[in-house]
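One-letter residues, chain by chain:
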Amino acid sequence: MSSDRSKDVTPPPLPAPLAVPVADSHTHLDMQSGTVEEGLAKAASVGVTTVVQVGCDVNGSRWAADTAAAHPSVHATVALHPNEAPRIVLGDPDGWSRQGERPAGGDVGLDEALAEIDRLAALPHVKGVGETGLDHFRTGPEGIAAQERSFRAHIEIAKRHGKALVIHDRDAHDDVLRILKEEGAPERTVFHCYSGDAEMARICAENGYFMSFAGNVTFKNAQPLRDALAAAPRELVLVETDAPFLTPAPYRGRPNAPYLIPVTLRAMAAVKGLDEDTLAAAVSANTARAFDY
């Protein structure tokens, strides 16, 4: 989950359909307008036939699991977002999260929330544990201990259940890579909304980590991200919306949704010097491999 400028609420137009169907590897249908059915139909009409619905807190993770159970084209991941862990432990007097104002729950509160994520992670239609990781952008030093403890617990849960690990890494590259090394990464690890540079892409490639690129790869100021995409091996690249956030250019600031995947995928194909069908086929196979569906 990321933040983006949002002023114009007009949905962008439908892009030309992809000839080779792909998956949106990371979306938040629960934060988008319209029904799930409408969103899935619109996405399918342009060749986005599968979506991975990502949980960010206990309620959202339950919703993701229920939605995946009800729709064959939806796969779920469950987790406490890195910014959610400190809110559980330290409390949230401002009601910043969707769950509103909360008292401090301490380590016991975090343990209870993690136990519920563990329970959900065992479900067959839950294909991943995430988005988890570290966020040094939104959470200050006082929340780092809770984030790290939560991240390590999610790694253990993913490994025990044989599920993919979906990583949120914001301004925390070195620490995320360090903890993955210390804990031992799960067999399938996905860097959602990849934000590292080309050098980090090479480190991820050496470790077999998947790198999922979002609409921000199209932004004018994102040349380092395009360089990273160019360096990333084709067999480790995924595409995502992170909708409703990170809408690709030229629609930046308007609401994002899975049907806009073709816009990002075409920009990615240009960066990689591939035709869109070749990249779409690779991304489709990679996503199925990453999430074991």
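To be clear, the structure that these remarks concern was listed above.
Because the structure is predicted, anything quoted here is derived from the model rather than measured.

### Focus: the overall build of the protein
When you go through the protein residue by residue, the secondary structure sums to 10 helices and eight strands. Scaling as 2.2 N^0.38, a compact globule of 293 residues should have a C-alpha radius of gyration of about 19 Å, and the protein matches this with 18 Å. In terms of principal-axis extent, the alpha carbons of the protein reach across some 50 × 40 × 35 Å. Put simply, the protein has 293 residues, and 55% of those count as buried. Considering only residue pairs separated by 6 or more positions, the protein has 72% of its internal contacts joining residues 24 or more positions apart. Of the roughly 11600 Å² of accessible surface on the protein, a fraction of 54% belongs to carbon and sulfur atoms. Considering the protein, the positive charge centre built from 28 side chains and the negative charge centre built from 40 side chains are found 3 Å apart.

### As for the layout of surface pockets
Approximately 310 Å³ is the volume found for the second largest pocket. Contributing to the lining of the second largest pocket are 17 residues, with Q32, S33, G34, N256 and A257 lying nearest its centre. When its residues are assigned to classes, the lining of the second largest pocket shows nine nonpolar, six polar and two charged.

### Comments concerning the sheet that holds strand 8 (residues 237-239)
Read across the open sheet, the eight strands follow the order 1-2-3-4-5-6-7-8; overall the sheet is parallel. Lying at the two open borders of the sheet, with one neighbouring strand each, are strand 1 (22-27) and strand 8. For this sheet, the mean inter-axis angle between neighbouring strands, taken without regard to orientation, is 30°. In terms of strand pairing, strand 7 (residues 210-213) meets strand 8 through three bridges, oriented parallel. Along strand 8, the bridge assignment pairs S212 with L238. The strands touched by helix 9 (residues 261-272) within the sheet are strand 1, strand 2 (48-54), strand 7 and strand 8, with strand 8 carrying the most contacts at an inclination of about 150°.

Procedures and definitions
- Residues numbered from 1 in each chain as written.
- Predicted model: local features only at pLDDT ≥ 70, side-chain atom pairs only at ≥ 80, totals over all residues.
- Heavy atoms only, no water.
- Helix = DSSP H or I, 4+ residues; strand = E, 2+ residues; numbered from the N terminus.
- Rg over C-alpha atoms; globule rule 2.2 N^0.38 Å.
- Buried < 20%, exposed > 50% of the residue type's maximum accessible area, 1.4 Å probe, protein only.
- Contact = heavy atoms within 4.5 Å.
- Areas by Shrake-Rupley, 256 points an atom, 1.4 Å probe, with all protein chains shown as cover.
- Lys, Arg positive; Asp, Glu negative; His and termini not counted.
- Charge placed at Lys NZ, Arg CZ, Asp CG, Glu CD.
- 1 Å grid on protein atoms, 1.4 Å probe; cavity = no way out; pocket = protein on both sides within 12 Å on 5 of 7 lines; lining within 4 Å.
- Points joined across faces, edges and corners; volume = space filled by probe spheres on them.
- Nonpolar A, V, L, I, M, F, W, Y, C, P; charged D, E, K, R; others polar.
- Pairing = 2+ DSSP bridges.
- Axes fitted to C-alpha atoms, helices over the stretch in contact; angles between N-to-C directions.

These figures come from the coordinates and say nothing about function on their own.
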